[in-house]
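Tertiary structure, described
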Amino acid sequence: MATAARRGALVFADVGWDETGRWDLDGLTDLEHCQAFLPNAEEAMRYTRTDCPRAAAHALAERVPLAVVTLGAQGAYAVDSATGTTAEVPAIAVEALDPTGAGDVFVAGFVTGTLANWPLADRLAFAGLTAALSVQEFGGSLSAPGWAEIAAWWQRIRTLTGQDPAALQRYAFLQDLLPAAARPWPLRRAVPTIGFRP
């Protein structure tokens, strides 16, 4: 990882559940070579021995340039150690069908925003949006939304009455990025066939 980082690769790290129960932050020796570390709240608090996800993010930011802690239904919080910038974006309320792969989709959305040089809050919002859309479908990779799904969501959300103007403003950066949605929301995708019976 150190070689890749030295050669200019941006490394984004996540962790799995520590089955050993040690939660040894010093054991995550490659964090210093990462652009960002994106654990969930429980993992972040266990690794940092803190009782608050935001405190955990600040502790992690001492070891990695960008610490992003996902807060599940509450959204995500990030600390940029280089600039001292923090950002918190609430989650989009959805009816979740299957959370499989939502964390990976969040990371992919965050990477997309990072590569596009979006502000930190926009990256968090986009990552949260992609994760929220993914949990409304079954399956891991099959549930990851593409630009068409994101465009359909944006088109639909702007036409609903009673929308919170602040929430609409939070996602206004999408307006110039998205293709015109050809299909109405909600979009139906292929359903995975493994494990399903008629």
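Up top you'll find the structure we're talking about.
Let us look at the structure shown here.

**Some remarks on the overall build of the chain**
For the chain, the count of helices and strands is seven helices and five strands. Ordered by position from the N terminus, the helices and strands of the chain form the series α-β-β-α-α-β-β-β-α-α-α-α. Expected size for 198 residues packed as a compact globule is a radius of gyration near 16 Å; at 18 Å, the chain falls within 12% of this value. Summarising its shape, the C-alpha atoms of the chain cover approximately 50 × 45 × 35 Å along the three principal directions. In the chain, buried positions account for 41% of the 198 residues. The contacts of the chain with a sequence gap of at least 6 include a subset with a gap of at least 24, amounting to 58%.

**Some thoughts on the packing of aromatic side chains**
Under the counting rule described, the total for this entry stands at seven aromatic pairs. Ring centres of W17 and W23 lie 4.8 Å apart, and the angle between their planes is 80 degrees; on these two criteria the pair is classed as edge-to-face. W17 gets classed as partly exposed once you look at its relative accessible area, which sits at 42%. Note on W153 and Y171: the rings are 5.3 Å apart at their centroids and 80 degrees apart in plane angle, and the pair reads as edge-to-face. Of this pair, W153 sits in helix α6 (residues 147-159) while Y171 sits in the segment after α7 (165-170), and the two are 18 residues apart along the sequence. Look at Y171 and you get buried, because its relative accessible area is 7%. What links up through ring pairs into an aromatic cluster is the set W118, F126, W147 and F173.

Quick notes on the rules
Numbering of residues starts from 1 in every chain and runs along the sequence as written. pLDDT decides what is reported in this predicted model: residues at 70 or higher carry local features, side-chain atom pairs at 80 or more are listed and counted, and totals for whole chains, interfaces and linings draw on all residues regardless. Only hydrogens and water are set aside when side-chain values are computed; all heavy atoms of the structure are taken into account. Numbering goes from the N terminus for both helices and strands, where a helix is a DSSP run of H or I of at least four residues and a strand is a run of E of at least two. Throughout, the radius of gyration refers to the C-alpha atoms, and the reference size of a globule is 2.2 Å times the residue count to the power 0.38. Only protein chains enter the calculation, and the probe is 1.4 Å; a residue is then buried if its accessible area is under 20% of its type maximum, exposed if over 50%, and partly exposed in between. Whether two residues touch is decided by their heavy atoms; if any such pair falls within 4.5 Å, the residues are in contact. Each Phe, Tyr or Trp ring, with Trp reduced to its six-membered ring, pairs with another whose centre is within 6.5 Å; inter-plane angles below 30 degrees give stacked pairs, above 60 give edge-to-face pairs, and intermediate values give tilted ones.

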